[in-house]
Structures are given as C-alpha cells and as structure tokens.
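# Structural overview for review
Listed below, chain by chain, are the residues.
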Amino acid sequence: MARGSVTNNIIQYRSDLGPLTASHPQLGREVRELVERLDKTFSDSIPSASHGITLEEAMQNVVQLARRDRDAQRLHELLKEIRNLNGFENFMSTDYEGKQFAMNAAKDGSIIIVSACEKGHAIIVTSNDVEFIWLEGLSEPEAKTKMAALKSTTSADVITAHKSTRELLEWLWRTVTEPVLLHLGLPVREPIRSPRKRPSRQSTGIEAVSKLPRVWWIGVGCIAQAPFHAAGIYPRNNRAAARYTAKYCVSSYTPTIRALAYAQQHINLEPDAQLHQNRALVVTMPRTPSDHAEAASDSHHKLDDTPSYRTHGIMFAELDVATEADNITQSFKTAEVPCTLLDSPEPAMVLCSLAYHNIVHLACHGLVDSENPSKSCLVLQRPTDIEEKTFIRDELTLADIMKVRVAHNTTGSSLGRLAYLSACSSASNRCDGLDDESLHIAGVFQAAGFNNVVGTLWNSQDGVCIKVAISFYKYLFEIDKMNEKGKGTGRKLGCADALHLAVEDVRNQNEYWQAPYYWAPFVHWGA
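Basis of the calculations
- Residues numbered from 1 in each chain as written.
- Predicted model: local features only at pLDDT ≥ 70, side-chain atom pairs only at ≥ 80, totals over all residues.
- Heavy atoms only, no water.
- Helix = DSSP H or I, 4+ residues; strand = E, 2+ residues; numbered from the N terminus.
- Buried < 20%, exposed > 50% of the residue type's maximum accessible area, 1.4 Å probe, protein only.
- pLDDT = per-residue confidence, 0-100.
- Contact = heavy atoms within 4.5 Å.
- Salt bridge = Lys/Arg side-chain N within 4 Å of Asp/Glu carboxyl O.
- Core = buried A, V, L, I, M, F, W, Y, C linked by side-chain atoms within 4.5 Å.

Attention now goes to the overall build of the chain. Counting its secondary structure elements, the chain contains 17 helices and 19 strands. Taking all 527 residues of the chain together, 55% fall into the buried category.

When the pLDDT values of the chain are averaged, the result is 79; 73% of them are 70 or greater. Overall, residues 269-276 carries pLDDT values under 50, and its contacts beyond four positions in sequence, including any with other chains, amount to 14 contacts. Low pLDDT, under 50, characterises residues 292-307; the stretch is placed with 26 contacts to residues that sit more than four places away or in other chains.

For the structure shown, the criterion picks out 11 salt bridges. In this structure, the salt-bridge partner of Lys-99 is Asp-129, at a minimum N-O distance of 3.4 Å. Of the two residues, Lys-99 is situated in helix H5 (residues 99-105) and Asp-129 in the loop between strand E2 (119-125) and strand E3 (130-139); the sequence distance between them amounts to 30 residues. Glu-140 is paired through a salt bridge with Lys-144; the nearest N and O atoms lie 3.7 Å apart. Of this pair, Glu-140 and Lys-144 both sit in helix H6 (residues 140-152), separated by four residues, roughly a single helical turn. One network of salt bridges, with partners in common, ties together Glu-30, Arg-74 and Glu-77.

Let us look at the nonpolar core. In this structure, Phe-445, Phe-472 and Tyr-473 are the most contacted members of the largest nonpolar core, which totals 109 residues. No other element matches the 10 residues that helix H15 (residues 462-485) contributes to this core. Ignoring sequence-local partners within four residues, the contact set of Tyr-473 consists of Ile-328, Ser-331, Phe-332, Ile-359, His-361, Leu-418 and Tyr-420. Core analysis: the second largest hydrophobic core is formed by 14 residues, Phe-101, Ile-111, Leu-260 and Ala-261 among them.

Turning next to the environment of His-24. Looking at the secondary structure, you find His-24 in the loop between helix H2 (18-23) and helix H3 (25-43). Sequence separation between His-24 and Ile-82 is 58 residues, and the spatial gap between their C-alpha atoms is 9.3 Å. Sequence-distant contacts of His-24, that is, excluding residues within four places in its chain, are made with Leu-85 and Phe-88.

The following block contains the structure:
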C-alpha cells in the first residue's frame with residue numbers, strides 16, 4: 001500500500017549502523033556520513049501543499065537535489081557492496097517486508113489498516129495471518145463528509161462540538177470498529193445488563209487493562225485522521241449498554257507497519273534498566289506572547305472569557321500549566337526520575353535539550369499549518385529586549401524537530417522513551433493531498449527517536465489536558481514498578497495503557513460522559 005513514504009524514508013536513513021560499524025568500521029563511517037547528509041536534506045524538503053515558490057528558492061532546490069542525487073547514488077553503490085557481506089543481506093532493505101514481516105510486527109497485537117477508497121475495507125494483520133474484510137457500511141463519499149465535518153468542528157460552540165463528535169464516533173463504531181473487533185473475536189455484542197443499578201467502572205485499573213488486547217490503527221486516505229480508538233455508542237442514561245472501542249482493546253496508531261516494527265526494535269531494554277535510565281524534561285508556556293513584542297507579566301488574565309483551550313487559533317488564552325507541571329514533576333520526584341523544568345523557553349533551548357532526555361513533556365499551544373505542514377509548530381517565545389523583559393512569539397516547527405536525533409545506547413536502542421505533547425492538534429495533519437503522511441508534530445517526534453508519543457487530534461480543553469496528564473504519569477510509574485518487579489498478570493504494559501486508563505478516568509466522570517469532544521482527541525503513537 002503506497003502510504004507513509006516520508007516516514008519510511010526517514011526510518012531507512014536512521015536505521016541503526018552499530019553492527020556494521022563494529023564489523024566493518026570504514027564502511028560504517030562512510031554510510032553514516034552519507035545517511036546524515038541525506039537525512040538532513042530530506043528533513044529540509046518536507047512537501048508542501050503550496051505550489052508557488054520564488055526563483056531563488058527554485059535554484060536552491062535544484063542545487064540541493066543534485067547533491068542529494070550524488071549522495072543517494074553513492075549510498076546505493078555501498079548498499080550493494082554491504083549486502084554481499086555475510087550477515088548483512090537485508091541491510092537497510094525493504095525487499096523482505098512482505099506478509100511475514102507484517103505478521104512479525106503484529107506479535108504484540110493486531111494491526112488494522114482501514115480504507116474508504118472506492119469501497120470500504122480493512123486489512124487485519126495478526127501474528128498468524130493477514131486477512132481482508134469488506135466494511136459494507138463504509139463508503140468514500142460519506143467518509144469524506146464525516147471527516148470534513150470533524151475538521152470544521154471548533155470549540156466555539158461546545159454543545160454542538162460534543163453532539164457532532166458523538167455522531168462521528170457512533171458512525172465509526174457501526175461502519176468500522178464494531179465489524180473489525182467482531183472479526184477479531186472480541187465480545188462486542190454481549191448481552192446488555194439491566195440499567196436499574198448504576199454500573200461499576202468498565203475497567204478496575206491496571207490489572208483489568210492488562211487483559212485487554214492491543215490494536216494498532218492505520219487509516220488510509222480520507223479516513224487517515226479518524227479517531228478509531230474512541231469510536232462507540234455512549235447512551236446518556238444506560239452506561240451498561242455502552243459499546244465502544246476502548247471497552248474491548250487498548251488502541252495505538254502507527255503511520256505504517258514499518259514504522260511500528262522500527263519502534264519495536266528500539267524497545268529492548270529490560271524493565272529495571274528502562275526505569276533507572278529515565279530523565280525527564282518538562283516545557284511549559286503559561287502565557288504566549290503575540291507577534292508583537294510584549295512585556296513579561298505575572299498576571300493570570302485570560303485573553304477572553306471562554307474556557308481555555310490549547311487551540312490552533314491565533315488568539316492564545318493563558319494556560320494553567322503550573323498545576324500540570326507541579327503535579328507531574330511531583331510524580332517524577334516520587335518515581336525518582338531526574339527532571340528539568342523549562343518555563344517559557346526559546347525554541348533553541350528546547351531543541352538542545354530534547355536529545356538528552358528520554359521523557360519529554362511539552363505543555364503549550366500548538367498551531368497546524370494546512371498549507372505547509374513543515375510549519376506546524378509548538379508555540380514558544382524569544383526575547384526582543386533582555387533589559388526591558390519583552391518577548392515575541394516564536395515557534396518550534398515540525399521542520400526543526402525533524403532534525404533532532406535522540407541518543408541511542410550501545411545496543412542501538414533509542415533512549416527516547418516518551419514525548420507527551422500536551423498541546424492542540426499535535427497529532428493532526430490538515431494538509432489536503434497528504435492525508436497518508438504522518439506530517440504532524442507527534443509523527444516527527446517519533447521519527448526523532450521517541451518510541452512513544454502522546455498527542456491530540458484536535459484542540460484540547462485545558463482542564464481536561466491537566467486531568468489526563470496527571471493521571472497518565474500516575475499510571476505510567478505504577479506500571480513501571482509492576483514491570484520491574486514482575487508482578488503483571490497479563491501482557492507487558494506501557495505508555496499506551498497509561499493513556500487508556502487516564503482517558504478512561506475522565507470519560508467515566510458524569511460531567512464528561514456525554515462530552516467526547518474533550519476526551520476523544522488523546523491518542524498514542526508508537527509501540
């Protein structure tokens with residue numbers, strides 16, 4: 001399936017060179033130099049939906065492409081030489097990525113590829129087989145209409161936003177997730193219990209979640225940004241009758257099967273080693289300046305009287321990131337994880353810090369550029385006058401993050417465990433024509449070497465962001481302790497399970513049960 005070409009190219013260029021360098025140092029060094037140059041030129045040339053460029057830009061592109069062609073040709077020659085060496089027959093190769101490769105990637109759970117192109121269908125990959133099923137209720141015209149409605153939904157009218165989101169989630173459940181989960185043999189049509197008594201929580205915590213299977217979703221084409229993880233029917237007065245994806249499995253997303261396999265290969269540290277190598281970075285932006293220089297202020301006056309959103313709008317409300325930071329840094333302290341806090345930093349400072357921390361939490365506003373996704377960004381600031389303490393808005397863009405490479409250990413495993421993006425639309429790609437590319441902030445953090453990324457599909461409400469983040473780290477470090485002591489009763493747990501539980505805590509509160517626009521955008525990407 002032709003999708004995720006950007007991600008696949010980055011993964012190929014960032015493959016581990018440790019074994020080659022150890023066995024053949026000169027070849028390893030030359031390949032590394034070529035790969036680093038190709039990686040940089042590839043990161044600098046993320047596609048844009050805009051076709052208008054200047055003559056100077058066009059000339060620069062020609063020069064850059066010529067250099068890249070020369071490097072690519074030399075790399076091609078080297079790869080032919082290396083693949084003739086014993087033990088390196090498949091070095092940086094995709095030729096072997098057939099059915100067995102996909103089944104190997106599904107060793108920890110099913111991979112579901114959903115497409116609405118022409119006639120709706122799904123490819124279901126398990127560790128035992130690859131199957132094709134028709135999704136009779138899924139059509140391309142209706143999918144385009146539904147997804148366009150999701151993109152146009154905003155927080156301006158919260159009641160309408162919740163209603164529209166509920167309708168979307170019900171449609172997704174009936175057309176996609178229910179038939180897929182039924183095919184996997186999950187009990188999605190079990191008898192409905194009597195609503196006379198208030199039902200207990202669907203899950204009783206970590207032990208119950210450990211018994212749920214994992215599922216990775218890959219949306220194709222117009223349905224690439226669909227929230228399969230939250231699909232379901234949520235009756236107002238009878239929760240026992242509710243049917244939704246999270247009741248039957250723990251969901252994650254991956255842009256391609258190859259990207260999932262890459263992330264799995266880089267998570268091979270023992271639980272106790274992982275726990276003791278944690279080092280956290282927390283970045284907060286309580287107040288975001290405008291495009292014009294503003295004086296620093298200690299006031300907590302919001303820019304408007306509406307609920308505070310980590311929104312993709314240009315008017316930036318102040319965020320209660322202090323509460324979020326205080327609680328999660330306390331979680332780090334309790335778990336004995338060293339933590340660095342950067343409050344209102346410049347982008348350069350964050351970029352310098354990313355490569356040296358394996359847990360990164362960014363609490364700020366986010367912007368999505370629908371014309372050129374490389375300009376999508378997390379919104380930070382930079383000083384214009386140090387003495388006057390004036391600042392102007394600055395941006396940590398997708399193109400900036402793409403150039404980061406997180407440190408690896410001696411076995412080749414990425415030390416980037418988690419990037420938690422507590423910002424608006426950090427897992428959203430709104431660029432028409434590039435639906436199949438994970439050209440969003442979450443995607444590039446994964447490409448940079450973070451094996452788990454938490455992001456949002458649309459603008460998230462500040463209070464809910466705080467609740468989810470606090471619960472997430474509470475569960476994550478409880479899971480770490482269980483893994484370290486070998487006390488788990490089911491499969492090995494991780495970041496996806498912590499997010500599943502954190503969102504469940506919010507969703508099951510009475511005030512949020514019928515408010516899916518608040519809790520449905522949170523997603524996990526990675527292994």
